[in-house]
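Residues per chain, in single letters:
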Amino acid sequence: MKRHIVLIEDEPAIRENYRDAFERRGYRVSAYGDRTSAFQVLRTALPDLAIIDVGLGDEPEGGFTLCQDLRSLSKTLPIIFLTARDSDIDSVHGLRLGADDYVTKDMSMDHLLARVTALLRRADAWAEALKQPDEVVHRGRLALNVDRMTAEWNGQPIDLTVTEFWMLHSLVQHPGHVRSRDQLMEAASTVLDDNTVTSHIKRIRRKFLQIDDAFDGIHTAYGMGYRWNAHEA
C-alpha cells in the first residue's frame with residue numbers, strides 16, 4: 001500500500017509541483033490550500049506524514065496552529081514545516097509546537113525526500129516496538145519507557161515529541177559520553193541541520209526545567225555535541 005502524505009500549501013503552483021514530485025516517487029498525496037479544509041479531513045483520518053506551510057492564506061501562522069491541532073490528535077504523526085521564511089525564530093517556534101523537522105522551500109527535492117524517508121522509517125520502527133514487551137531505561141531520577149515512548153523525571157511525566165524522545169534516549173544510553181549532532185540525528189532517524197538539533201536539545205532541557213529548576217542532566221560539549229551528566233546515572 002502506498003504511504004499517504006498530506007501537503008498543506010496555499011500557493012497552487014508550489015502545491016502541485018510537490019504533489020507531482022511525491023507521486024512520481026510512489027506516494028499517495030492529498031493536498032490542501034488552507035488550514036480549515038485540511039483539518040476537517042485530518043481530524044477523522046490521519047496520514048502517514050504531514051508537510052505544512054507555515055503561512056496559509058490570510059493566516060501568517062496558520063501552519064503553526066494546524067500543527068498544534070494535529071499534535072493533539074497524535075503524538076507520533078511525523079510533521080515537517082515547509083516555508084519560505086529562513087529564520088531561527090520561526091524554526092524554534094515550530095519545534096516548540098511539536099514539529100519533527102523544518103525545511104525551507106529552496107531545499108532540493110532530494111533533500112526533502114531524504115527527510116521524509118527518515119521520518120517514515122522512524123514511524124515504522126515505533127509501530128513495531130509497540131508489539132514488543134515494554135523496555136524501560138532507568139538513569140537515576142529518569143525513567144524512559146522505550147515502547148510507550150514516555151519519560152518521567154522524579155516520577156513526573158515529561159511530554160516529549162518523537163524526535164526529542166529518541167535524542168534523549170541516545171544521550172542516556174552512555175552517561176558521560178559525548179553524542180555528536182550526527183549521532184543524535186541517527187538515533188532519531190531523521191535528517192536535521194545543526195541549528196535544528198540545537199533547538200531540540202534546548203526544548204528537552206526546558207521541559208525538564210519546568211518541573212525541576214535544578215535540572216542539570218544534559219551538558220554541552222562545545223564543538224562536539226552533548227552528553228548526559230554521569231552524576232544523574
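The rules behind these values
- Residues numbered from 1 in each chain as written.
- Predicted model: local features only at pLDDT ≥ 70, side-chain atom pairs only at ≥ 80, totals over all residues.
- Heavy atoms only, no water.
- Pairing = 2+ DSSP bridges.
- Helix = DSSP H or I, 4+ residues; strand = E, 2+ residues; numbered from the N terminus.
- Axes fitted to C-alpha atoms, helices over the stretch in contact; angles between N-to-C directions.
- Contact = heavy atoms within 4.5 Å.
- Buried < 20%, exposed > 50% of the residue type's maximum accessible area, 1.4 Å probe, protein only.
- Expected span 1.5 Å × (residues − 1).
- Right-handed = clockwise from strand over helix to strand, strands pointing away.
- Phe/Tyr/Trp six-rings, centres within 6.5 Å; stacked < 30°, edge-to-face > 60°.
- Parallel < 35°, antiparallel > 145°, perpendicular 65-115°, else oblique.
- Nonpolar A, V, L, I, M, F, W, Y, C, P; charged D, E, K, R; others polar.

- Where an unreviewed UniProt entry is consulted, the chain appears under the name Response regulator receiver domain protein (CheY-like), with the organism given as Marinobacter algicola DG893.

**What to know about the sheet that holds strand 3 (residues 49-53)**
The strands making up a sheet associate through hydrogen bonds between their backbones, and the pairing can be parallel or antiparallel.
Here's step 1: Reading across from one edge, 2-1-3-4-5 is the order of the five strands in this open sheet, with parallel pairing throughout. Sheet topology places strand 2 (28-32) and strand 5 (101-104) at the edges, where each strand pairs with a single neighbour. Across this sheet, the average inter-strand angle for adjacent strands is 20 degrees, counted without regard to direction.
Here's step 2: Judged from the four bridges that link them, strand 4 (residues 79-83) and strand 5 form a sheet pairing that is parallel. When the sheet's bridge partners are listed, Ile80 is paired in strand 5 with Asp101.
Here's step 3: Packed on one face of the sheet, helix 1 (residues 12-24) meets strand 1 (4-8), strand 2, strand 3 and strand 4 and runs near 170 degrees to strand 2.

**Some words on the environment of Phe64**
Here's step 1: Here Phe64 is to be found in helix 3 (residues 62-73).
Here's step 2: On the accessibility criterion, Phe64 (2% relative accessible area) is buried.
Here's step 3: Distance from Phe64 to Asp53, taken between C-alpha atoms, is 8.6 Å for residues eleven residues apart in sequence.

**What to know about the sheet that holds strand 9 (residues 156-158)**
Here's step 1: Here four strands make up an open sheet; going across it, the order is 6-7-8-9 and the pairing antiparallel. Across the chains shown, the open sheet's two edge strands, defined by having one partner strand only, are strand 6 (136-139) and strand 9. Pairs of neighbouring strands in the sheet enclose a mean axial angle of 25 degrees, with direction left out of account.
Here's step 2: Note that strand 8 (residues 150-153) and strand 9 share three bridges and pair antiparallel.

**Thoughts on helix 8 (residues 194-211)**
Here's step 1: Across its 18 residues, helix 8 extends 27 Å between first and last C-alpha, which sits within 8% of the 26 Å expected from 1.5 Å per residue.
Here's step 2: Among all positions in helix 8, only Thr196, Val197, Thr198, Ser199, His200, Ile201, Arg203, Ile204, Lys207 and Phe208 are buried.

**Topic: the pairing of strand 10 (residues 218-221)**
Here's step 1: In this sheet, strand 11 (residues 225-228) lies alongside strand 10 in antiparallel orientation, the contact comprising four bridges. Looking at the pairing, Ala221 lines up with Gly225 of strand 11.
Here's step 2: Adjacent in sequence and paired antiparallel, strand 10 and strand 11 are bridged by three residues, among which Gly223 carries a positive phi angle near 80 degrees.

**Description of the pairing of strand 2**
Here's step 1: Buried residues dominate strand 2, accounting for four of its five residues.
Here's step 2: In the sheet, strand 1 pairs with strand 2 via five bridges, with the strands oriented parallel. By the bridge assignment for strand 2, Val6 is matched with Ser30.
Here's step 3: Assessed by its sense of winding, the connection that carries the chain from strand 1 through helix 1 to strand 2 is right-handed.

**A closer look at the packing of aromatic side chains**
Here's step 1: Considering all chains together, one arrives at nine aromatic pairs under this definition.
Here's step 2: Aromatic pair Trp153 and Phe215: ring centres 5.3 Å apart, planes at 85 degrees, arrangement edge-to-face. Note that Trp153 is positioned in strand 8 and Phe215 in the loop between helix 8 and strand 10, a separation of 62 residues in sequence. For the pair shown, Trp153 and Phe215 are each scored as buried.
Here's step 3: Summarising the aromatic geometry, the rings of Trp153 and Trp228 are spaced 6.3 Å apart at their centres and angled 80 degrees between planes, so their arrangement reads as edge-to-face. Within this pair, whereas Trp153 is found in strand 8, its partner Trp228 is found in strand 11, the two being separated by 75 residues in sequence.
Here's step 4: Since its relative accessible area comes to 0%, Trp228 is described here as buried.
Here's step 5: Among the aromatic side chains, those forming a connected cluster through ring pairs are Trp153, Phe208, Phe215 and Trp228.

**Examining the packing of helix 6 (residues 162-173) against helix 8**
Packed helix pairs are characterised by how far apart their axes lie and by the angle those axes make with each other.
Here's step 1: Look at helix 6 against helix 8: their axes get within 10 Å of each other, and the N-to-C directions meet at 85 degrees. Judged by the inter-axis angle, helix 6 sits roughly perpendicular to helix 8. Across the interface between the two elements, Thr163, Glu164, Met167, Leu168 and Leu171 of helix 6 pack against Val197, His200, Ile201, Arg203, Ile204, Lys207 and Phe208 of helix 8.
Here's step 2: Its residues placed into classes, the contact of helix 6 with helix 8 shows seven nonpolar, two polar and three charged.

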